[in-house]
Amino acid sequence: MGDSGAHAAVRNFVDGAFVETGQTWNKINPVDGSVLSAVHEADAALVDRAVRAARAALDGPWGETPVARRAALLRKAADRIEERFEEFVRAECADTGKPFAQARELDVARAPANFRAFADTVSAAGQSSFLTDLAGGRQALNYAVRKPLGVVAVIVPWNLPLLLLTWKVAPALACGNTVVVKPSEETPSTATLLAEVLDEVGVPAGVYNVVHGFGPDSAGQFLTEHPGIDGVTFTGSSATGSAIMRIVAPRVKPVSFELGGKNAAVVFADANLEDTLAGLTRSVFANTGQVCLCTERVYVQRPIFEDVASGLVERARALRLGRPDDDATTTGPLISQEHRDKVLSYYRLAEEAGAKTLVGGGVPTLGDGLDGGSWIEPTLWTGLTNADRPMREEIFGPCAALVPFDGEQEGIALANDTEYGLASSVWTTDLTRGHRVAQRMNVGMSWVNTWFLRDLRSPFGGVGLSGIGREGGEHSLDFYTEPTNVCVQL
Ligand code: NAD
Ligand code: 6OD
């Protein structure tokens, strides 16, 4: 925490107004270690004001806003984000260091897509009504009315900040909820910019509130333990999900958790080698390995093990680490020095476990004023087994271990040997096998010959340590609404 100095200020947004507080912390630029901005930290009193504002908006103007109007506002928000697209790109890349090209294609592009997808979903959703036959030839009409869950706490991480925020805020608002958002302390900017956009398009005061801060003893904890929230939708680490669950347990609040992963790829000998290498390169190194869906375990059928290993090494060497605004850059820094220390500790653990480092393994020297940033080398290992910690714990960096297997059953068993269960990918030209193996993966999302391909109506979430519940299309409606069934005897 420190003095705000002359750096740009990132403020809270409560009840339709931007709010500064007496306390700020410095947001560090991961590209070069310089101070980027001063973020105003919300104390318990400001979080309380935000929750009360959200409740008042829910009981007032937002509660009276019909679904068609809500959907129209979401579409307007999507249009306005597109008009201010480059501002969002610059803000997201400044906080994260990710390449502009990626932010344009993925992060920021998904924000209007998320708003439009849930405007569509909520417009299309009908009441479930059906006739029930009763004894004596009588009938009853049942219908369920979806009501908003209420005031929803939205807590999100730093890896795909705007994408993950809008993935939750869009359905929450579409369903008539009000929200208090706690962005990551590492990426406060785009949640704040979104406040401007929602205000500009006419979303009433109190519907969308942003409180900045950290987790324990800060805004994250103040928000989750506030008695005025009706549920928590959270994306982040499994450990934090578990902590939040304990906080809300006494009040039995519903949670939707998208948590960590230790995702596997299973590559069969009949896979198309070029396509598989291109897909694996994305799934291991995208966003510098900081995507919950990234592959950290690559199981390869023995006849093509050496080809896959050498092909991936070649592609890892071709990655270009550099500034976000350089078109040649494929790979940015990690989010912070603290996170780099964590990832490097796994690089050391892998070597201690006897791994052979095929490429990378340390910190690069980049020059050009970048060496104060949190850069790290893309890294691949062989020689690890599922018993080793780097194979069991989520690293969340640009690294993966390659392990050979023989038969299909062994490949499936190795992939499923984990406490996590978020995503997997299967690589084969035998589509019958592709379907068969994909279904046997103990995960929420199982890809065949691709990775990260998304239809926003399909269920997204994980099993085991990877989360609770599913979001996406109608699945989001199940979390963000409470159905009241009305039974009328006819
Ligand atoms: P994190 O759990 O440390 O923090 C996530 C958010 O929770 C932040 O806003 C943080 O301030 C807040 N927080 C931390 N402790 C809290 C507490 N006790 N109470 C309330 N809020 C608290 O995660 P991170 O390091 O920001 O993000 C990386 C993690 O997120 C990885 O584990 C990754 O797999 C996971 N993730 C999962 C998905 C998914 O969809 N499954 C998507 C993205 C990231
Ligand atoms: O694409 C999405 O909707 C989504 N929730 C992606 C999550 C990525 C994790 O880092």
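None of these values were measured; they are calculated from a predicted model.

According to the domain assignment, the protein contains domain 1 (8-259 + 466-489) and domain 2 (263-454). The C-alpha centroid of domain 2 is placed 31 Å from the C-alpha centroid of domain 1. Domain 1 puts 25 residues into the contact, and the matching count from domain 2 is 29 residues. Among the residues domain 1 hides against domain 2, the three largest losses belong to Val31, Trp158 and Ser466. Together they make up 28% of the total. The tally of links between domain 1 and domain 2 comes to zero salt bridges. The interface formed by domain 1 and domain 2 contains nine residue pairs in polar contact (both at pLDDT 80 or more). Elements that contribute at least two residues to the side of domain 1 that touches domain 2 include exactly helix H3 (85-96) and helix H4 (100-107). Across the side of domain 1 that touches domain 2, the residue classes break down as ten nonpolar, eight polar and seven charged.

Summed over the entire model, instances satisfying the criterion amount to 28 salt bridges. For Arg80, the salt bridge identified is with Glu200, shortest N-O distance 2.5 Å. Residue Arg80 is located in helix H2 (residues 67-83), and its partner Glu200 is located in helix H7 (residues 189-201); the two are separated by 120 residues in the primary sequence. A relative accessible area of 26% places Arg80 in the partly exposed class. Linking Glu474 and Arg146 is a salt bridge whose minimum nitrogen-to-oxygen distance equals 3.9 Å. Taken together, the residues span a long stretch of sequence, with Glu474 in helix H16 (residues 473-480) and Arg146 in strand E7 (residues 139-148) at a distance of 328 residues. The partly exposed category is assigned to Arg146, whose relative accessible area is 35%. Each of Arg80, Glu83, Arg84, Glu87, Glu196 and Glu200 takes part in salt bridges that share partners, so that together they form one network.

Among the 29 residues in the neighbourhood of ligand 1, the closest are listed as Lys182, Glu185, Ser237, Leu259 and Glu394. Residue Val156 places a main-chain N or O atom 2.9 Å away from an oxygen atom belonging to ligand 1. Contact with the protein chains removes 90% of the 840 Å² of surface that ligand 1 exposes when unbound. The set of elements that each furnish at least two residues to the shell around ligand 1 consists of helix H8 (219-224), strand E11 (231-235) and helix H9 (238-248). Residue composition of the shell around ligand 1, grouped by class: 15 nonpolar, ten polar and four charged. Residue contributions to the shell around ligand 1 reach at least three from each of two domains, namely domain 1 (8-259 + 466-489) and domain 2 (263-454).

Conventions and cut-offs
- Residues numbered from 1 in each chain as written.
- Chains lettered and ligands numbered in written order.
- Predicted model: local features only at pLDDT ≥ 70, side-chain atom pairs only at ≥ 80, totals over all residues.
- Heavy atoms only, no water.
- Domains from an automatic or database assignment.
- Contact = heavy atoms within 4.5 Å.
- Buried area = accessible area lost by both parts, 1.4 Å probe.
- Salt bridge = Lys/Arg side-chain N within 4 Å of Asp/Glu carboxyl O.
- Polar contact = N/O pair within 3.5 Å; in protein donor to acceptor, adjacent residues only side chain to side chain.
- Helix = DSSP H or I, 4+ residues; strand = E, 2+ residues; numbered from the N terminus.
- Nonpolar A, V, L, I, M, F, W, Y, C, P; charged D, E, K, R; others polar.
- Buried < 20%, exposed > 50% of the residue type's maximum accessible area, 1.4 Å probe, protein only.
- Near = heavy atom within 4 Å.
- Areas by Shrake-Rupley, 256 points an atom, 1.4 Å probe, with all protein chains shown as cover.

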